[in-house]
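Now for the letters of each chain:
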Amino acid sequence: MRQNEESGDFRVPGSRLGASDPSPSGEGGSRRRRETGGALPAAVAQAPSVGLRPPPPAAGEDHAAPSGTSGVSGDGSPLRHVHRPLPHDSGIRHVSGAALYIDDIREPDGTLHVALGLSPVARGRLSGVDLAAVHAAPGVVAVLTAADVPGRNDISPANADEPVFAKDEVLFHGQPVFAVVATTRDAARRAARLAAFDIAEEAPSVTVEDALARRETVLPDYAFGRGDVEAALADAPHRLEGVLRIGGQEHFYLEGQAALAVPGEDGDMLVHSSTQHPSEVQHIVARALGIPDAFVTCEVRRMGGGFGGKETQATQWAVIAALAARATGQPCKLRLDRDDDMAVTGKRHDMRADWRVGFDDKGRIAAYDVTFNARCGCSADLSQGVVDRTMFHADNAYFLPAVHIASRRLKTNTVSNTAFRGFGGPQGMLAAERVMDEIAARLGRDPLDVRKANFYAPGRDETPYGQSVEDTDVLAALVEQLEAECDYRARRAAITAFNARSPVLKKGLALTPVKFGISFTLTHLNQAGALVHVYQDGSIHLNHGGTEMGQGLFIKVAQVVAEEFGVGIERVRITATTTAKVPNTSPTAASSGSDLNGMAARIAAGTIRQRLVDFLCEIFDVAEGEIEFRDDRVFFGNESLAFAELVKKAYQARIQLSATGFYRTPKIHWDRAAGRGQPFFYFAYGAACAEVTIDTMTGEYRLDRVDILHDVGRSLNPAIDIGQIEGGFVQGMGWLTTEELVFDGKGRLATHAPSTYKIPVASDVPADFRVTLFPSANRQPTIYRSKAVGEPPLMLANSVFCAISDAVRAARGDGLAPLDAPATPEAVLRAIVGAL
Amino acid sequence: MRRTIRFLRRNETVEVGNVEPRTTLLDWLRLTERSTGTKEGCGEGDCGACTVVLRRLVDGRLVSEPVNACILLLGQVDGAEVLTVEDLAADGRLHPVQQAMVERHGSQCGFCTPGIVMSLLALYETGEAPDRQGVTDALAGNLCRCTGYRPIVAAAFDALGRIEADPFAQRRLDVAGALAALRDEADVFVGDERSFFAAPASTDALARLYLGHPDATLVAGATDVGLWVTKALADLPKIIWLGRVAGLDAVAEEHGTLTLGATVTLARAREALGALDPDLDELMRRFGSQQVRASGTVGGNIANGSPIGDLAPALIALGATLHLRRGDGRRSLPLEDFFLDYRKQDRQPGEFVTGVTVRKPAGRHVRVFKVTKRFDEDISAVMGAFCFDLADNGTVREARIAYGGMAGIPKRARAAEVALTGAAIDDHAAAERAAAALDADFAPLTDHRASAAYRRRVAGNLLMKALMEIATGDDAATRLIAHREVRHAAE
């Protein structure tokens, strides 16, 4: 079926398949070509996956997908595309430099460039800015301030609390105050530094403690729970309490924020934006320009990484580019310099978790009380949802009989914190894991035994927010399997022996679970649309509301559509996300991309397919049950027809070959006021075991080995999913180890570049890195019984933090020492010696 | 005198005669040539998304090296071939490195991928088959935020296993010929007296030019000067690039000394210094990244005067003499005396570093430790270098100790040295006295890399660790990365 698979051949875009080339569309394709007398359509000839061999067999590889995860659908019928490890649709373009990002789009004639004027202080009254020198600088065409926003000077998604340009007051160091539009980017950047600000500086709130002292919040406090926690704590045989500081995290998407706005006729505006949320960009651009949404189109082919950092945080740059385009009448591009990007875009929320726990002799929790003091920065942004998700994941995988989960959303004079892979969940779960380690240390038990004693189980299966955990057996089985496969008990004994004879180097081991709720907790976002066209040559145009940021969403959804029509994947043309084709979309976030858009695309394709079936039944007098779409043909009775031929006949019979699909997640509901409901359609599970060695003289450490077993249901694409698991784990590891955000006392971010902010590099990933998919179909009727995979693996890295803590415990020999995240070498040394 | 910058691009000679001196290679590629395959990720030579490969003829051999195009000035590619990610696929076939990256699912968002492909290409072109650390070293200067690197490392091994069937070998021969034809010994001067990019071809020409323009910016590798351009937006109207100065890149060994010319790259310095001690090899392995080591130079690292430049403390510990020249005048001084104060060196207007001479350790014991938040491609929080000369009875005859990150300059720990001199190497009390004496030597700062307290404590612990290792002869029990042990085993 995919004839070029063996050739290892590669075709540059624009080339045509020669006469001797096997047709990717099979015999039917050849016939069609004879009929039309032309070459194959360009869409087919340029198909990205043509000619690529699938990855080599899994022999010797530890990350192989179990055979049970591919090749057969839930009902036993063979699947040809879904469940297969197809390469990323842009893989060839990535490696040859042909994949276009915003800054690579060929600029329209006359394109101008925008740079930002940023506040030099974190908090104060803004009386004015002297822009004379900026205006006079070479190449400057225009300068924009808050006064130049014709619509609403606000980029916030919901709370009207964050201006495009600061006016009257500044909220954080680096807040945009004005924008320069110039003939070159270099000229704009140089001019932007010539302004003189008149700001009456005030002492900023920078830390959690600053904000608590000032009682400043961006949103009201919120709590939920159940039972009499104080009584349960008082009755518990053992009690512990503690404070865990959890650092934030910079997204460090490799492609910085960028937008290109192209003005059209009569106020139209086309915005190319590197955004996870095109509909919001469209809406807020229109709001700022003071025009209807319908005048604005937002398009994004791909992002060079997002991780949540382009969910709301891409909007401001698109808005400013559009304002500049509107003001000048020329196309305008704004691409942030990396240092500016890191200073002016939000990060993962850092938090201080204050906790108390009561438990029995086996370590089983009776009561848990926790307050998450979240540093939200200068505005609400997505902090309601983020901190709610922290609360939803304060239990992680553990049943908490009496529980009180509280949160404060603190306002500080720092950039507004935002979505980041896991969306608050990681902070809640890390606190839970810390509590498990504290309990184990107090009782002298193995932390894994304490964890297992607290797992959700039948009869102990209700979450603190009232949703019941229906599949408690999945996590139990998964952890059981990982514990055996990673040889946990024997390695624990070996490590204890090693530590006894090694005075300087100490090893640590930890196995931690992940249970992560899938669905947007803002219920209305759980919807998606898709648009599918089948053209007369049998090629298929696919569009949906999801955005591609590298996670492989586009190939997964294309696999679903190819499966639906029984055609080769190369027939399905993946197209850029645009608000003009699929409207009112949700952000590509909450791990929901393939769950939602895969289903919407399947529905759209299914609609067309059903029309083709009805048409076949009508003209060939066959029964619907006899019809099968496969191998680029449609089979019925003893006959078959090339897919393209069927399509042509259908067109001539005036059958509609275009359809939209719409999907909304069933079952979910959430009553925030009551703190009860079923916010999640299902849970994704995983577990990881990490082994580390620390140097007790410097606090440095190495990760020696990681074993991961993760549940993606029946994987839509095991190669893509393993990539998400590995990448998520390593990103989480960075968050908890070397990635340290340092703000100085004036609220300035000191770590605003990769030279000072250290994400993992290749050598930080252990050579012994074993990733396996847990073979288990989703019990919920998701797309081909798969499970979401974007966020959950990040929290597998909690095992690394706990393993480091375990090694510190071995170094001290007197129980668990306070250790905050990130566990930088300095934090580790401080934990070992008490105080530096 | 040549008035153009001349380099090879896609089999054509490109001559540029009218260009802002500060123009970077990346801007030229993306804005002038409009080749957008090469990406800007950080603009400071750290993320590697802009990695391109420069090929040069070195001693008649074609050498391919990865560099960060974002902080490389266009003039620095004079005489080289510039190879970018768009140039690799030929005749409808991906390069083996590209093919392996696709097959192993080595790209996700794809933005770092062009740089990774180019770093792996440079590795591939060495024709060697490195171990895992060799691969991760080649990738240390390439940040990927999506994949977790596992598939990229796997792709590297796949590609390196396909070198026999290399369909690109013939093209390399053609390039070597074209580069040989480009070669000349002319001084290069592009611009006018007020604004120029100059690349003198001899030390004499350099001395004359710099004396005439003491306000010019000397550029060797531009791994720091590049950031003055991209981040500080410095104008830098007059640039003198040292890369064409004949003989300034010499490596010479004689009478128990090693002399490194000012423009010896950190990559070549690794070979020379690494041969002296495994810790020096490890220090240089972790120095910046492959891209930075290919561009950055010994002279640049010293003359830059950074308190956290790793080379100076190591050289000071070995005992190093710095050589300078101004016009026709030459002088030498102990390296530690060159550093006067934070970012202030003993260098006159128009004076430049020509090289540095170190004493080989011979029988002396060397230990060097670099402590960072992240092991690879990170700037030191504390860097300690130790060199002990022991008498036959095991007492310390001479102690030379220098630290980076502990003061405004790379600095000797003279009080600690005194405390150890004459003591037995395994005298724990003397070691503790020496560690305590560091308080007299240093008053470190708190910054985003580390607190003063951490720096102070680690400085002492590194000294203790060095003494412990030398006294016991055991490195395995104290090292997270067993490079000394590996070296011993190999010997």
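Thresholds, definitions, all that
- Residues numbered from 1 in each chain as written.
- Chains lettered and ligands numbered in written order.
- Predicted model: local features only at pLDDT ≥ 70, side-chain atom pairs only at ≥ 80, totals over all residues.
- Heavy atoms only, no water.
- UniProt positions renumbered as here; feature names shortened; annotations may be inferred.
- Helix = DSSP H or I, 4+ residues; strand = E, 2+ residues; numbered from the N terminus.
- Salt bridge = Lys/Arg side-chain N within 4 Å of Asp/Glu carboxyl O.
- Buried < 20%, exposed > 50% of the residue type's maximum accessible area, 1.4 Å probe, protein only.
- Contact = heavy atoms within 4.5 Å.
- Polar contact = N/O pair within 3.5 Å; in protein donor to acceptor, adjacent residues only side chain to side chain.
- Phe/Tyr/Trp six-rings, centres within 6.5 Å; stacked < 30°, edge-to-face > 60°.
- Lys NZ or Arg CZ within 6 Å of the ring centre and 35° of its normal.
- Pairing = 2+ DSSP bridges.
- Axes fitted to C-alpha atoms, helices over the stretch in contact; angles between N-to-C directions.

1. Description of the UniProt feature "domain: FAD-binding PCMH-type" (unreviewed entry) in chain B
Taking the numbering used here, the UniProt-annotated feature "domain: FAD-binding PCMH-type" (unreviewed entry) corresponds to residues 189-363 of chain B. Spanning residues 189-363 of chain B, this segment combines 33% helix with 29% strand, and its end C-alpha atoms are found 48 Å apart.

2. Remarks on the UniProt feature "domain: Aldehyde oxidase/xanthine dehydrogenase a/b hammerhead" (unreviewed entry) in chain A
The UniProt entry lists residues 96-203 of chain A under the feature "domain: Aldehyde oxidase/xanthine dehydrogenase a/b hammerhead" (unreviewed entry), expressed in the numbering used here. Span residues 96-203 of chain A is 13% helix and 31% strand, its end C-alpha atoms 50 Å apart.

3. Observations concerning the pattern of salt bridges
All names here are of chain A. What the rule picks out here adds up to 109 salt bridges over all chains. Of the charged contacts in the structure, one is a salt bridge between Arg 434 and Glu 438, with a shortest N-O distance of 3.3 Å. Of the two residues, Arg 434 and Glu 438 both sit in helix H12 (residues 425-443), four residues apart, roughly one turn of that helix. Residue class for Glu 438 comes out buried when judged on its relative accessible area of 18%. Where Lys 507 meets Glu 691, a salt bridge forms, and the shortest distance between an N and an O atom there is 3.1 Å. With Lys 507 in strand E16 (residues 505-518) and Glu 691 in strand E27 (residues 682-695), the pair connects residues that are 184 residues apart, well separated along the chain. Accessibility expressed as a relative area gives 16% for Lys 507, which makes it buried. Here Glu 691 falls in the buried class, since its relative accessible area comes to 11%.

4. Re the interface of chain A and chain B
Of the residues lining the interface, 96 residues belong to chain A; the matching set on chain B comes to 84 residues. In this structure, the connection of chain A to chain B is made through 12 salt bridges. Close ionic contact of Lys39(B) with Asp104(A) constitutes a salt bridge, the shortest N to O distance being 2.4 Å. Taken together, chain A and chain B are joined by 36 residue pairs in polar contact (both at pLDDT 80 or more). Counting only elements with at least two residues in the side of chain A that touches chain B, the list comes to helix H3 (91-96), helix H5 (185-192), helix H10 (338-344), E27, strand E28 (701-710), helix H19 (718-736) and helix H21 (825-833) of chain A.

5. Remarks on unusual backbone geometry
All names here are of chain A. Note that the residue after Ala 821, namely Pro 822, is joined by a cis bond; omega there is 0 degrees. Position of Pro 822 relative to the elements: it lies in the loop between helix H20 (798-812) and H21. Of note, Ala 160 is a non-glycine position whose phi angle comes to about 55 degrees, a positive value. Assignment of secondary structure puts Ala 160 in the loop between strand E3 (140-144) and strand E4 (169-170). For Asp 621, which is not glycine, the phi torsion reads 60 degrees and is therefore positive.

6. A few points about the packing of aromatic side chains
Residues and elements named next belong to chain A. By the definition in use, this model includes 27 aromatic pairs over all chains. Connected via pairs of aromatic rings, a cluster forms that spans Tyr 222, Phe 224, Phe 392, Tyr 465, Trp 670, Phe 680 and Phe 683. The side chain of Arg 348 reaches across the aromatic face of Trp 735, ending 5.0 Å from its centre. In this structure, Lys 515 packs its charged tip against the face of Phe 683, placed 4.5 Å from the ring centre.

7. As for the sheet that holds strand E7 (residues 217-226) of chain A
Residue and element names in this part refer to chain A. An order of E7-E15-E14-E13-E8 is seen for the five strands of this open sheet, with the pairing classed as mixed. With partners counted over all chains shown, the strands left at the sheet margins are E7 and strand E8 (238-246), one partner each. The mean angle between the axes of side-by-side strands here comes to 10 degrees, regardless of whether they run parallel or antiparallel. As judged from the 10 bridges shared by strand E13 (residues 350-359) and strand E14 (residues 365-377), these two strands associate in the antiparallel manner. Its bridge partner lying in E14, Arg 356 is registered against Asp 369.

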